[in-house]
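If you want the building blocks of each chain, they are given just below.
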Amino acid sequence: MKIIVCDNHHEASKYVAEIFIKQVQNKPNSVLGLATGSTPIEMYYYLIKDHKLNNTSYRDVITINLDEYVKLEASNSQSYHYFMEKHLFSGIDINKSNTFIPDGTGDINANIKAYNDLLENINIDIQLLGIGRNCHIGFNEPDDEFQIGTHLVNLKQSTIDDNARLFFDGDYSLVPKQAITVGVKAIMSAKQIILLATGKQKAQAISNFLNSQINPQFPASILHAHNNVVLVLDKGAASLIGKDSYDYTE
Ligand code: GLP
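What you are looking at is a predicted structure, and each value in this text was computed from that prediction instead of being measured.

Enquirer: Sorry, what's going on with the sheet that holds strand β4 (residues 67-69) here?
Expert: Two pairing modes exist for strands in a sheet, parallel and antiparallel, and in both the strands are linked by backbone hydrogen bonds. The 3 strands lie next to each other as β4-β8-β7, forming an open sheet whose pairing is antiparallel. Each of the sheet's edge strands pairs with one partner strand only, and the pair in question is β4 and β7 (151-154). Across the sheet, the mean angle from the axis of one strand to that of its neighbour is 25 degrees, orientation sign disregarded. Looking at chain direction, β7 and strand β8 (residues 178-181) are connected through 4 bridges and run antiparallel. If you follow N154 over to β8, its bridge partner there is Q178.

Enquirer: Can you help me understand the site of the ligand in this one?
Expert: Among the 13 residues in the neighbourhood of the ligand, the closest are listed as S38, T39, D67, H136 and K202. Between the ligand and the protein, one listed contact pairs a nitrogen atom with a backbone N or O atom of G138 at 3.2 Å. With respect to the ligand, the side chain of K202 contributes an N or O atom lying 2.6 Å from an oxygen atom. Alone, the ligand offers 390 Å² of accessible surface; in the complex the protein occludes 93% of this.

Enquirer: Looking at this structure, how should I read the packing of helix α1 (residues 9-26) against helix α2 (residues 41-54)?
Expert: At a minimum axis distance of 8 Å, the contact between α1 and α2 shows a crossing angle of 50 degrees. In terms of orientation, α1 and α2 fall into the oblique class. The hand of the α1/α2 crossing is right-handed. Counted together, H9, H10, S13, K14, V16, A17, F20, I21 and Q25 of α1 and E42, M43, Y46, L47 and D50 of α2 form the full contact between these two elements.

Enquirer: Can you walk me through the pattern of salt bridges in this structure?
Expert: If the charged atoms of two oppositely charged side chains come close together, the side chains can form a pair. Per the counting criterion, the structure on display carries 9 salt bridges. Close ionic contact of E11 with K14 constitutes a salt bridge, the shortest N to O distance being 3.9 Å. One end of the pair, E11, and the other, K14, are both in helix α1, 3 residues apart, so they sit about a helical turn from each other. For K14, a relative accessible area of 36% translates into the label partly exposed.

Parameters and conventions
- Residues numbered from 1 in each chain as written.
- Predicted model: local features only at pLDDT ≥ 70, side-chain atom pairs only at ≥ 80, totals over all residues.
- Heavy atoms only, no water.
- Pairing = 2+ DSSP bridges.
- Helix = DSSP H or I, 4+ residues; strand = E, 2+ residues; numbered from the N terminus.
- Axes fitted to C-alpha atoms, helices over the stretch in contact; angles between N-to-C directions.
- Near = heavy atom within 4 Å.
- Polar contact = N/O pair within 3.5 Å; in protein donor to acceptor, adjacent residues only side chain to side chain.
- Areas by Shrake-Rupley, 256 points an atom, 1.4 Å probe, with all protein chains shown as cover.
- Parallel < 35°, antiparallel > 145°, perpendicular 65-115°, else oblique.
- Left-handed = near helix turned anticlockwise from the far one by under 90°.
- Contact = heavy atoms within 4.5 Å.
- Salt bridge = Lys/Arg side-chain N within 4 Å of Asp/Glu carboxyl O.
- Buried < 20%, exposed > 50% of the residue type's maximum accessible area, 1.4 Å probe, protein only.

This is a description of form; function is not addressed.
As structure tokens, this is what we get:
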């Protein structure tokens, strides 16, 4: 695993944006696996800025998102559908019919099957990940075993707490307790994986999964089994890892 440590969140966001911009410039019909959360917002801003300045085109790009809350309509300002529209899709020339996000409304089982069918027929070129404080990726929460396919998940209390703190105006009653997320198969099938994590609050999660064997209690530890993972951190998120054990660039 390659680890890049940037000075701060801005530099880390720019670094990851550059990787995605090059990917799209080199392969205009790339399939991008995308993530939500507060971490990638600035990285998406840099994609939009580059699109406006340099005309990097997303016309032929396909995007596959990791997850969505259950029971939030796309029009709900806290849904991941809304998030993607606001922070990325509205600022680039992507064809909306090429953007895919699990549907958390209506018939959940049918939606899960539809997403799995979609993933069976698509190869993700590059997958963006964030990480939860409990090492979740997408919404693959700590569990006794890894979930392979897209599935319904009961969110852990720490995840609900984080979501209430950062989003939903701190109102717990509004924070969904369930989500649909892709499983580890879709993530691990991506040709390349970029995990972006910044801030001291992520340092323990980074250290936990890097120092762990592959263990479903630390879901991000599955990334040890992938041969093309780049971890892009800032100094805060990297503050608990040893520089000696990894391919580490500062
Ligand atoms: C949510 C998302 C994850 C994301 C995580 C971290 O749980 N489902 O994909 O990595 O939040 O969020 P943040 O970037 O706000 O710390």
